[in-house]
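# An overview of the molecular structure
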Amino acid sequence: MKVALIASDLDGTFLRDDHDFDHARFQAQLDQINANGQHFVVASGNQLQHCIDVFDGIQGELTYVAENGGLVIDNHGHVLHESVLTPPVLAELLAFVGTEPALAGAGMSLSGKQAAYIRPVDDSDLMRYFLSNIAVVADLATVDDHIYKATFSWDDQDINQQAAIINQHFKGRLRATVSGGNGLDVINPNVNKAQGLAYLQQRWQVPFSRTAAFGDNGNDLEMLREAEYSFAMRNAIAPVKAMATYQTRLDNNHDGVLHEIDALI
């Protein structure tokens with residue numbers, strides 16, 4: 001058996017562009033993964049509840065590294081690790097994005113322990129795809145919850161410039177990383193998918209040499225470095241392809257991850 005742990009990003013990686021996957025094929029694979037004593041980890045920038053909703057109806061052991069590593073939890077609801085934004089820094093972030101001219105027009109959401117929070121102006125079908133258990137509030141600064149990440153978006157823009165502005169202003173206090181759906185996730189500076197994956201590797205005593213990981217975007221780079229069997233999706237951005245050891249034969253719209261899993265189990 002080549003690997004003991006298989007971790008995969010969701011959007012642009014495990015999921016097709018229609019946000020779905022071959023349920024029957026993956027169920028058969030997960031049955032084999034569980035029987036083998038291997039672990040399957042969903043590693044996503046998305047809200048935890050969204051990740052759970054994606055796998056609704058799938059039976060078996062799954063572990064989630066959600067919120068770009070801010071929350072590690074099993075499918076029985078046991079929180080294994082979490083990292084929350086401190087209220088003063090979060091308040092400063094919301095004020096900065098709301099007033100900085102270069103960041104004007106940002107869509108905003110907060111991902112918390114109790115709910116996902118959005119403003120009325122940001123309520124849309126796309127927002128409701130990426131978020132579950134939504135609470136619409138007039139002012140995000142009034143939210144009282146454990147917040148794992150803040151997410152911002154700008155229509156039809158390359159958001160790397162906005163990421164650089166936030167990272168420069170909050171250097172050492174927060175980190176902005178480009179995620180799926182043209183979103184910009186802002187999390188604690190020491191939080192990423194790799195940290196969540198490393199926690200599970202230690203918990204399960206799984207070495208780098210027996211870890212596989214799949215990704216397509218910038219927020220997957222650190223995680224891929226934690227796996228000897230690092231796979232860039234055929235449709236991945238260039239930096240991900242450059243650093244991964246392997247590339248999937250098929251893209252996300254043709255079950256690229258599921259195709260490679262067959263060889264890993």
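A quick note: this is a predicted structure, and the numbers were derived from the prediction, not measured.

## Brief notes about the pattern of salt bridges
All told, the structure shown has 10 salt bridges when counted by the stated rule. For Glu92, the salt bridge goes to Arg173, with nearest N and O atoms at 2.8 Å. In this pair, Glu92 is assigned in helix H3 (residues 87–99) and Arg173 in the loop between helix H5 (160–169) and strand E10 (175–178), connecting sequence segments 81 residues apart. For Glu92, a relative accessible area of 31% corresponds to the partly exposed category.

## Quick look at unusual backbone geometry
The residue His19 is not glycine, and still its phi comes out positive at about 70°. Note on placement: His19 falls in the loop between strand E1 (5–8) and helix H1 (23–36). In this structure, Glu67 is a non-glycine residue whose phi angle is positive, near 55°. Along the chain, the position of Glu67 falls in the loop between strand E3 (63–66) and strand E4 (71–74). Glu67 sits in the buried class, given a relative accessible area of 1%.

## Things to note about the sheet that holds strand E6 (residues 107–112)
Strand order in the open sheet made by the six strands is E8-E7-E6-E9-E11-E10, with mixed pairing throughout. Because the sheet does not close on itself, it has two edges, and the strands there are strand E8 (134–136) and E10. Across the sheet, the mean angle separating the axes of adjacent strands is 25° when strand polarity is ignored. In the sheet, strand E7 (residues 116–118) pairs with E8 via three bridges, with the strands oriented parallel. For Ala116, the partnering residue across the bridge sits in E8 and is Ile134. Of the strands in this sheet, E6, strand E9 (147–153) and strand E11 (183–187) are in contact with H3, which crosses E9 at around 5°. Packing of H5 onto the sheet brings it into contact with E9, E10 and E11, and relative to E10 it is tilted by some 170°.

## Overview of the nonpolar core
Core analysis: the largest hydrophobic core is formed by 53 residues, its most contacted members being Ile6, Phe14, Phe26, Phe40 and Phe55. With 30 residues, the next largest nonpolar core counts Leu94, Leu110, Leu140 and Leu174 among its residues.

## Describing the layout of surface pockets
Empty space within the second largest pocket amounts to approximately 210 Å³. By residue number, the principal contributor to the lining of the second largest pocket is H3, which donates four residues. In terms of residue class, the lining of the second largest pocket is made up of 10 nonpolar, two polar and two charged.

## Here's the deal with the sheet that holds strand E13 (residues 229–232)
Taken in spatial order, the eight strands line up as E5-E4-E3-E2-E1-E12-E13-E14 in an open sheet, and their pairing is mixed. Strands at the two margins of the open sheet, each flanked by one partner only, are strand E5 (79–82) and strand E14 (246–247). Pairing of E4 with E5 involves three bridges; the strand directions are antiparallel. Bridge pairing links Val72 to His81 in E5.

About the cut-offs
- Residues numbered from 1 in each chain as written.
- Predicted model: local features only at pLDDT ≥ 70, side-chain atom pairs only at ≥ 80, totals over all residues.
- Heavy atoms only, no water.
- Salt bridge = Lys/Arg side-chain N within 4 Å of Asp/Glu carboxyl O.
- Helix = DSSP H or I, 4+ residues; strand = E, 2+ residues; numbered from the N terminus.
- Buried < 20%, exposed > 50% of the residue type's maximum accessible area, 1.4 Å probe, protein only.
- Pairing = 2+ DSSP bridges.
- Axes fitted to C-alpha atoms, helices over the stretch in contact; angles between N-to-C directions.
- Contact = heavy atoms within 4.5 Å.
- Core = buried A, V, L, I, M, F, W, Y, C linked by side-chain atoms within 4.5 Å.
- 1 Å grid on protein atoms, 1.4 Å probe; cavity = no way out; pocket = protein on both sides within 12 Å on 5 of 7 lines; lining within 4 Å.
- Points joined across faces, edges and corners; volume = space filled by probe spheres on them.
- Nonpolar A, V, L, I, M, F, W, Y, C, P; charged D, E, K, R; others polar.

Scope: geometric values only; no functional claims are made or implied.
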